[in-house]
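Each chain, letter by letter, is given below.
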Amino acid sequence: VLASAGVAAACRSPKLARNGTAVAFECGGTPVATQAVQKGAPLPGALVLLYDIAARKLETVSRPPGTGAANGGSQILGLSGNGTQVLFSSDASNLVGGDTNGVTDLYLGEVGTTVTVRRVASQSNGAQLDAPIDSGAISADGNAIAFTTRSSGVDPLAGGTGTSALYLASLRGG
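Sequence positions are assigned chain by chain, starting from 1 and proceeding in written order. The predicted origin of the model limits local features to residues at a pLDDT of at least 70 and limits the giving and counting of side-chain atom pairs to 80 or more, whereas totals for whole chains, interfaces and linings rest on all residues. To obtain the side-chain values, all non-hydrogen atoms of the structure were included, while hydrogens and water were left out.

Draft legend 1. Representation of the overall build of the protein chain in the model. Helix and strand assignments follow DSSP, with helices taken as H or I runs no shorter than four residues and strands as E runs no shorter than two, numbered in order from the N terminus. The helix and strand inventory of the protein chain stands at 0 helices and 11 strands. Across the protein chain, helices and strands are ordered from the amino to the carboxyl terminus as β-β-β-β-β-β-β-β-β-β-β. With a 1.4 Å probe rolled over the protein chains alone, any residue whose accessible area is under 20% of its type maximum counts as buried; one over 50% counts as exposed, and the rest are partly exposed. The 174 residues of the protein chain split such that 45% are buried. In what follows, a contact means two residues having at least one pair of non-hydrogen atoms within 4.5 Å. For the protein chain, the share of sequence-separated contacts (at least 6 apart) that also reach a separation of at least 24 residues comes to 46%. Note that accessible areas follow from Shrake-Rupley with a 1.4 Å probe, and for residues the cover is restricted to the protein chains shown. Carbon and sulfur atoms make up 53% of the accessible area of the protein chain, which totals about 8,100 Å².

Draft legend 2. Here's a closer look at the environment of arginine 118. Along the chain, the position of arginine 118 falls in strand 8 (residues 115-119). Placed 23 residues apart in sequence, arginine 118 and leucine 95 show a C-alpha to C-alpha distance of 7.9 Å. In contact with arginine 118, other than residues within four places in its own chain, are Val96, Leu106, Tyr107, Leu108, Glu110 and Leu171. At 3.4 Å, the side chain of arginine 118 and the side chain of glutamate 110 are in polar contact. Any pair of N or O atoms that falls within 3.5 Å is considered a polar contact. Within protein, one atom must be able to donate a hydrogen and the other to accept it, and sequence-neighbouring residues count only if both atoms are side-chain atoms.

Draft legend 3. Local environment of the nonpolar core. One finds Leu50, Val61, Val86, Phe88 and Leu95 to be the most contacted residues of the largest nonpolar core, which totals 18 residues. Residue assignment for this core shows that the elements contributing at least two residues are strand 2 (22-28), strand 3 (47-52), strand 5 (74-79), strand 6 (85-90), strand 7 (105-111) and strand 8. In this text, buried Ala, Val, Leu, Ile, Met, Phe, Trp, Tyr and Cys residues form a nonpolar core when linked through side-chain atoms within 4.5 Å. Counting 14 residues, the second largest nonpolar core, distinct from the first, contains Ala121, Leu129, Ile138 and Leu171.

Draft legend 4. Quick look at the packing of aromatic side chains. Aromatic contacts are taken between Phe, Tyr and Trp rings whose centres are within 6.5 Å, Trp giving its six-membered ring; a plane angle under 30 degrees counts as stacked, one over 60 as edge-to-face, and the others as tilted. Counted under the stated rule, the structure contains 2 aromatic pairs. Judged by centre distance (5.5 Å) and plane angle (25°), the ring pair of phenylalanine 88 and tyrosine 107 falls under stacked. A residue pair is termed long-range when its members are at least 10 positions apart, and phenylalanine 88 in strand 6 and tyrosine 107 in strand 7 qualify at 19 residues. Just as phenylalanine 88 is buried, tyrosine 107 falls in that class too.

Draft legend 5. Highlighting the state of the cysteines. Any cysteine sulfur atom paired with another within 2.5 Å is treated as part of a disulfide. Per the stated rule, a full pass over the model turns up 1 disulfide. The side chain of cysteine 11 participates in a disulfide bridge whose partner is cysteine 27; the two sulfur atoms lie 1.9 Å from each other. Across the S-S bond of cysteine 11 and cysteine 27 the torsion is about 90°, and the bridge reads as right-handed. Residue cysteine 11 is located in strand 1 (residues 10-16), and its partner cysteine 27 is located in strand 2; the two are separated by 16 residues in the primary sequence.

Draft legend 6. Structural context of the confidence of the model for the protein chain. For every residue, the predictor reports its confidence as pLDDT, a number between 0 and 100. The predicted model of the protein chain has a mean per-residue pLDDT of 85, with 82% of residues at 70 or higher. Predicted confidence in the protein chain is weakest over strand 1, with a mean pLDDT of 89, and strongest over strand 6, with 97. Note that pLDDT drops below 50 for residues 33-40; the model gives that stretch 21 contacts with residues more than four away or on any other chain.

Draft legend 7. Representation of the side chain of glutamine 123 in the model. Among the secondary structure elements, glutamine 123 is positioned in the loop between strand 8 and strand 9 (133-138). Glutamine 123 has contacts with Gln128, Leu129, Asp130, Ser151, Gly153 and Val154, leaving out every residue within four places of it along the chain.

Draft legend 8. Broad picture of the side chain of asparagine 101. With respect to the helices and strands, asparagine 101 occurs in the loop between strand 6 and strand 7. Side-chain polar atoms of asparagine 101 contact the side chain of aspartate 105, separated by 2.9 Å. If we ignore the near neighbours within four places in the chain, the residues touching asparagine 101 are Gln128 and Leu129.

Draft legend 9. Here's a closer look at the environment of leucine 106. Within the fold, leucine 106 resides in strand 7. Of the residues examined, leucine 106 reaches a relative accessible area of 0% and is grouped as buried. For the pair leucine 106 and serine 135, spaced 29 residues apart in the sequence, the C-alpha separation amounts to 8.8 Å. Residues within four places of leucine 106 in sequence aside, it is in contact with Leu77, Leu87, Phe88, Arg118, Arg119, Val120, Ala121, Ile133, Ile145 and Phe147.

This is the structure in structure tokens:
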């Protein structure tokens, strides 16, 4: 099925939307034909993709704004129940502006008429994380995420012990 959508790579880690409308996954190896990657172009690592089953439409989620490809690999972590929000981690530094921390960050790709990517984990003061994301998950309604990191500034009360801690965050504010 996905081969007819232009996927010609080693794919893994599928996440099926609860309502059955979409599947998110990651692909690496042989290049993938999507809007963000020219067929035959070398990939810097795995891409996170979303396939709309009814529309038979494939979108690259792990991509910078505009045209071009991510300059680092990405890993799928979760998919909201309605298939429109994809949680992923990435080593790429060009998915959002100002990414200078050099560690794996946590992103949310929101898919509608376009794909919007935003970083969703930071220190309590709004600064970038100082350690990589270890894992993550998104709630079925897409309103909350859980993630683990060794970053010292996410929760000042955690004390920066250097061990991975679990954090919960609202994506809707409040």
